[in-house]
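Notes for the structure review
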Amino acid sequence: MITDYNKLFIMYRLITDVNYKVKRPQNPRFNANIFEILTFSWIFNLFKKGQSRDLEENDLYETLDDHKSSLLGDELEKVWKSEVYNAYKENRIPSLLRALFQLFGAKYIVHGLVQFLNEILLKTPQPLFIGGLLVYFSNDGPNKVDVGYAYFCASGLLIIMLLSMVIYHSNQIETVHFGMKIRVACCSIIYRKALCINHTALGKTTIGHVINLLSNDVNRFDSKIIFLQYLWIGPLQTIVVTYLMWREIGITSLIGVSTFLFFIPFQGWLGKKMFELRLKTAIKTDERLRLMNEIISAIQLIKMYSWEKPFEKLIEYARMNEIQQVRRSSYIRAISLSFIITMTRLQLFVSFLSYILLGYTISSRKVFVITAYYNILAPTMAVFFNQGLSAIPEMLVSIKRIQNFLLLEEKDGLKINISKSTDSVKNCVNNESVHTNDNTTTKNMKIKDNIVYFEINIMNATAKWTDEQSSNSLESINFNAKPGELVAVIGPVGAGKSSLLQLILKELPLSEGKLSIRGKISYASQEPWLFGGSIQQNILFNSPMDEVRYKKVINVCALKNDFEQFPYGDKTFVGERGVTLSGGQRARINLARAVYKQADIYLLDDPLSAVDTRVGKHLFEKCIIEYLKNKTCILITHQIQYLTNVDQVVFMKDLKVLIKNYKRLVLISLNYKLDRWKTNKKAQLSLILNRI
């Protein structure tokens, strides 16, 4: 039986301090010498520690600087922006493949050259030394070849095999690291892109699609990058090996090699089919992940109506469609891998059969030497070359999908939607946003020479989410807010109040008009958004901890009493979307996050609707009036009892600003503009008018 304490512990879990970081030892690879790098002996201490006890998180080494996502993401983002700019000038589509090659191509080619020299200079001569040893150990060998030559062949074989092994594995680990860097860099810019795409672009993608990009598509770089080098190394090595076999068995070497070349078109066709199936599989996976995300989000509703069975069938159907594509890909991959076993044996059989049929006498030396040559070609051509052919379509699909995501519209880009009926939109956007990294207010927000500098200025703005949208989301909006001004936006449901804030945030694209924003913006959404973590993490939202400011924000947002009731205070785990909290608590934490951020403009979308009258009065007086008194604040509210304390009131209806003036004029005019609005609102307004 679960005790009350255990129930409480399950509901509220402790989250470690957000400022706490696990101290890890320095990575020994950073200071390793050439011997330790070639032999991987720099990691032996970790193996010894793991042999004596279980490894813990603080036993793992720090990440190398050139492996960190922040650095790799910065480098790729810089190259990608340059590629986008160049593509715009050249009137072409930006290519992520071009950007990746520009950033990583040179080093990747160097690794390929090292691998090529290893295959040609160290692996290919090995059958020659084997042939020398076989001559010595044949029946009449001692009479023809002296012992010195045999020692020379044995020593040469040992040395080149040792060198080949060391160079091969050292180069392979660097190539694997190379694929890891590409994956980490792509994950970094995908994450950064996901944070800044606008509302319109969100409609073109899904959470499942983004998850699939980060968990599936980028993994192609890790698993496939090592095979691409063999697409050009393999044919060159085949030419060299064919020449050496020509010296042994003559023209029959061409017959054996042509047996492999005969299957190359078939392998190319398999690669094309893999490309098609990979694309279909990715689409099916996106659909399944989207469905699973929606089901998990609505799991409470599904359980309440006992809809488990229908949705279970729906998931099974989506997974079955995905499995069909995966199964087809597996069949093709199995056929490709079957060449590893069959190709070498088939080549040997054809070569020796044709050699005997041409009247030549075969010897043990020739059998071993030719077999050794084919064994050298087997991993290169039958394995790596074949894997490279199938890797190209898979990687191209992944790169294309990532590229399409990176080309989605960003909110800072403020793309302009021009409808077919309107062609007079020129210079309709004047983006004067000033993003500062310090905590001071932005400049040029003052009255100079009797000219008022507005922090927010919207002139005759019309906006809608997409060109395909039949009606506008906002029409002919004229709105401005001066520095330090508190503006209340009121109106019936569906009047366009939240759309006005989306326009200021540049989420809602302009169709015509002018928008000018000066300063950093902080936004509290109408629907509280919380992520799985502690309350403190949700409020700080990765901002630096300022103890004085943090405590002040907690007080003005009326969260102090709630923290005292929680078993772990602000370290309490709130659960995904704040499932362990009440609606009022979620709303106040959402407001606290927006207020804690250092900004010049605060956009508050109806933060008082989810709290009771007493808490709402506290939030309005202590937080909005007092704490944000020197900031520009746009407050959407239905609590019109607070309108006497604001600097400006804006009344919206039918997606338009009907009244925008000083308080008393607005409040008086509202008596004549409130048709079809709630009757009790008129009564409250009459009381407010008497107080002014």
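Bear in mind that the values here come from a model prediction, so they are computed numbers and not experimental data. (Residues numbered from 1 in each chain as written. Predicted model: local features only at pLDDT ≥ 70, side-chain atom pairs only at ≥ 80, totals over all residues. Heavy atoms only, no water.)

The next thing to look at is unusual backbone geometry. Negative phi is the rule for most residues except glycine; trans is the rule for most peptide bonds. Positive phi, close to 50°, is recorded for Phe 541, a residue that is not glycine. Judged by its relative accessible area of 45%, Phe 541 falls in the partly exposed class. (Buried < 20%, exposed > 50% of the residue type's maximum accessible area, 1.4 Å probe, protein only.)

Turning our attention to the nonpolar core. Counting residues in each nonpolar core, the largest one holds 43 residues, and the members touching the most others are Ile 539, Cys 557, Leu 559, Phe 563, Leu 604 and Phe 620. The set of elements that each furnish at least two residues to this core consists of strand E5 (486-490), helix H19 (535-540), helix H20 (547-556), helix H22 (583-596), strand E8 (601-605), helix H23 (613-627), strand E9 (632-636) and strand E10 (648-653). In terms of residue count, H22 provides more of this core than any other element does, six residues in total. Setting aside its immediate chain neighbours within four residues, Leu 604 contacts Leu 501, Ala 524, Leu 591, Ile 624, Leu 628, Cys 633, Ile 634, Leu 635 and Ile 636. Counting 38 residues, the second largest nonpolar core, distinct from the first, contains Cys 187, Ile 190, Phe 227 and Ile 402. (Core = buried A, V, L, I, M, F, W, Y, C linked by side-chain atoms within 4.5 Å. Helix = DSSP H or I, 4+ residues; strand = E, 2+ residues; numbered from the N terminus. Contact = heavy atoms within 4.5 Å.)

What follows covers the packing of aromatic side chains. Within this structure, the stated rule accounts for 16 aromatic pairs. Ring plane angle 15° and centroid distance 4.9 Å describe the contact between Tyr 355 and Tyr 360, whose orientation is recorded as stacked. Relative accessible area serves as the criterion here: at 5%, Tyr 355 is assigned to the buried category. Plain terms: the ring middles of Trp 529 and Phe 541 are 5.9 Å apart, the flat faces sit at 90° to each other, and that makes the pair edge-to-face. Here Trp 529, found in the loop between strand E7 (521-524) and H19, pairs with Phe 541, found in the loop between H19 and H20; they are twelve residues apart in sequence, far enough to count as distant. The exposure class of Trp 529 is partly exposed, given its relative accessible area of 44%. If you follow Lys 123 out to its NZ or CZ, it ends over the ring of Tyr 168, 4.7 Å from the centre. (Phe/Tyr/Trp six-rings, centres within 6.5 Å; stacked < 30°, edge-to-face > 60°. Lys NZ or Arg CZ within 6 Å of the ring centre and 35° of its normal.)

What follows deals with the environment of Lys 204. Residue placement: Lys 204 occurs in the loop between helix H9 (199-202) and helix H10 (207-217). Lys 204 gets classed as exposed once you look at its relative accessible area, which sits at 59%. Through-space distance from the C-alpha of Lys 204 to that of Glu 409 is 9.9 Å; in sequence the pair is 205 residues apart.

This part is about the pairing of E9. In terms of burial, E9 is a largely internal element, five of the five residues being buried. Where burial is concerned, the two faces of E9 agree: the one with Thr 632, Ile 634 and Ile 636 and the one with Cys 633 and Leu 635 are both buried. Bridge analysis of E5 against E9 gives four bridges, and the strand direction is parallel. Its bridge partner lying in E9, Val 489 is registered against Ile 636. In this fold, E8 hands off to H23, which returns the chain to E9; that crossover is right-handed. (Pairing = 2+ DSSP bridges. Right-handed = clockwise from strand over helix to strand, strands pointing away.)

Now for the confidence of the model for the protein. Across the protein, the average pLDDT comes to 79, with 83% of residues at 70 or higher. Contacts for the low-pLDDT stretch residues 1-18, under 50 throughout, to residues beyond four places or in other chains number 28 contacts. Within the model, pLDDT remains below 50 along residues 688-692, and this stretch shows twelve contacts once partners closer than five positions in the same chain are excluded. (pLDDT = per-residue confidence, 0-100.)

So, about the environment of Lys 123. When you line up the elements, Lys 123 lands in helix H5 (residues 96-123). Distance in space between the C-alpha atoms of Lys 123 and Met 161 is 7.3 Å, their sequence separation being 38 residues. Not counting residues within four places of it along the chain, the set of residues in contact with Lys 123 comprises Asn 118, Ser 164, Tyr 168 and Ile 376. Within polar-contact distance, the side chain of Lys 123 engages the side chain of Glu 119 at 3.4 Å. (Polar contact = N/O pair within 3.5 Å; in protein donor to acceptor, adjacent residues only side chain to side chain.)

A contiguous nonpolar surface patch, about 580 Å² in accessible area, is contributed by Phe 101, Ile 109, Leu 113, Trp 232, Leu 236 and Ile 239. Mapped by element, the contributors of at least two residues to the nonpolar patch are H5 and helix H12 (230-249). Note that Ile 239 resides in helix H12. Given the relative accessible area of 56%, Ile 239 is considered exposed. (Patch = residues over 30% accessible without salt bridge, like charges linked within 9 Å, V, L, I, M, F, W, Y side chains within 5 Å. Areas by Shrake-Rupley, 256 points an atom, 1.4 Å probe, with all protein chains shown as cover. Salt bridge = Lys/Arg side-chain N within 4 Å of Asp/Glu carboxyl O.)

Here we take up the sheet that holds strand E3 (residues 456-463). Strand order in this open sheet of three strands is E4-E3-E6, and the pairing throughout is antiparallel. Edge strands, defined here as strands with exactly one partner in the open sheet, are strand E4 (474-481) and strand E6 (510-517). For this sheet, the mean inter-axis angle between neighbouring strands, taken without regard to orientation, is 5°. Across six bridges, the pairing between E3 and E6 is antiparallel. Looking at the pairing, Met 459 lines up with Lys 514 of E6. (Axes fitted to C-alpha atoms, helices over the stretch in contact; angles between N-to-C directions.)

A few words on the packing of H20 against H23. Running from N to C, H20 and H23 cross one another at 140°; their axes reach a closest spacing of 9 Å. Classified by the interaxial angle, the pair formed by H20 and H23 is oblique. Facing H20, whose interface residues are Arg 549, Lys 552, Val 553, Asn 555 and Val 556, H23 presents His 618, Leu 619, Lys 622, Cys 623 and Tyr 627. Of the residues in the contact of H20 with H23, the class split is five nonpolar, two polar and three charged. (Parallel < 35°, antiparallel > 145°, perpendicular 65-115°, else oblique. Nonpolar A, V, L, I, M, F, W, Y, C, P; charged D, E, K, R; others polar.)

What follows deals with helix H13 (residues 252-261). Listed as buried for H13 are Thr 252, Ser 253, Gly 256, Val 257, Thr 259 and Phe 260. All buried residues of H13 lie within an arc of 140° about the axis, which places them on one face of the element. On the buried face of H13, the contacting elements are H12, helix H14 (264-297), helix H16 (308-357) and helix H17 (364-406). (Arc of directions from axis to C-beta.)

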